[in-house]
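Overview (structure and organization)
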Amino acid sequence: MMRWRSLLAACALAAGLAGCAGLPAPSGAVRLDETPRIAVISAFQPEIVLLSSKLLDARKYSVNGNEFTTGTLAGKPVVLFLSGISMTNATMNTQLALDRFKVSHIVFSGIAGGVNPNLHVGDVTVPAQWGQYLEVLMARETAPGRYTAPPFIKDATLPAFGMMHPRPVEVRSAANPQITRKFWFEADPKMLDLARSIRNVDLANCSAGKCLPRKPQLVIGGNGVSGQAFMDNKTFREYTFKTFQANVLDMETAAVGMVAYSNGVPYIAFRSLSDLAGGGDGENEMGTFMGIAADNSAKVLLAFLSAWK
């Protein structure tokens, strides 16, 4: 019995070391495909429709109930999949793809809520960095309307929204194994430069009889933020713009950026505004303009892949 336990322990240790080396992942998981590929990610089904229709030589894999499809997109080898909605799903499934496929780069395409008042529904943004704006301290009320951080919390330095004090996240990576606190996860500079070279993408302003009042634009650079909540509140939108100078917000990209940072994989995200996160007149616009926004983001991503050398 002792010999059998020792053998199991040795096997577990070997599997763990192999996973660290990018070979078979821990718990016996093996890489499903050895072709170097770009991971192309969207959060949920409407965002991936156009991309799926352009994929050639598709081959499907299922891991933990999640579907991953390899193939060629705009002439480039890719693995296409849904992260799922939310920070936790995005973290889990991005790491799952990195464990099971030979991913060289990560690109994300999807919709987002607009934060910058100078941007409009349908515009496509490619932020230079992403932060987790809902990683917060819920501070104690020490006087009516006054909220104070505990003395041992030193990193809640950004302006608060009532009791909510934003904080950086703790992270480590192969390149920097010591725990550090980090708020912004930067898009890869070379990928960002390539995005800046994109020209003449025909961004739609009409779909299924629904039209926007202006032609959408492509905006490269600036900040994006991600968090666990669907945000549809004018006051919090204004706070988010003032505090983080964010162009857009969503529920996944900063989590993907954190996974990319931890694994040393370059990433970039394309997000098109489906709504104004509470800043528009009347009810939320997402249900009306989601299709236009999803396709506009996918069009820019396809142009990016076409320009990829």
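Just above sits the structure.
Residues numbered from 1 in each chain as written. Predicted model: local features only at pLDDT ≥ 70, side-chain atom pairs only at ≥ 80, totals over all residues. Heavy atoms only, no water.

Remarks on the state of the cysteines
- Within this structure, the stated rule accounts for 1 disulfide.
- Linked covalently through their sulfurs, Cys-206 and Cys-211 form a disulfide whose S-S length is 1.9 Å. Linking Cys-206 and Cys-211, the disulfide has an S-S dihedral of approximately 120° and is accordingly described as right-handed.
- Assessed through its relative accessible area of 46%, Cys-211 is described here as partly exposed. (Disulfide = S-S within 2.5 Å. Buried < 20%, exposed > 50% of the residue type's maximum accessible area, 1.4 Å probe, protein only.)

Quick look at the nonpolar core
- By size, the foremost hydrophobic cluster in this structure holds 44 residues, and its most contacted members are Ala-39, Ile-41, Phe-68, Val-79, Phe-81, Val-103 and Ile-106.
- The leading source of residues in this core is strand 5 (residues 101-114), at 6 residues.
- Residue contacts for Ala-39: discarding those within four places in its chain leaves Val-79, Phe-81, Val-103, His-105, Ile-106 and Val-107.
- By size, the runner-up hydrophobic cluster in this structure holds 27 residues, among which are Ile-38, Ile-48, Val-126 and Leu-192. (Core = buried A, V, L, I, M, F, W, Y, C linked by side-chain atoms within 4.5 Å. Helix = DSSP H or I, 4+ residues; strand = E, 2+ residues; numbered from the N terminus. Contact = heavy atoms within 4.5 Å.)

Description of the pairing of strand 5
- Most of strand 5 sits inside the fold, with 12 of its 14 residues counted as buried.
- In the sheet, strand 5 pairs with strand 19 (residues 246-250) via 2 bridges, with the strands oriented antiparallel. Within the sheet, the bridge partner assigned to Gly-114 lies in strand 19 and is Val-248. (Pairing = 2+ DSSP bridges.)

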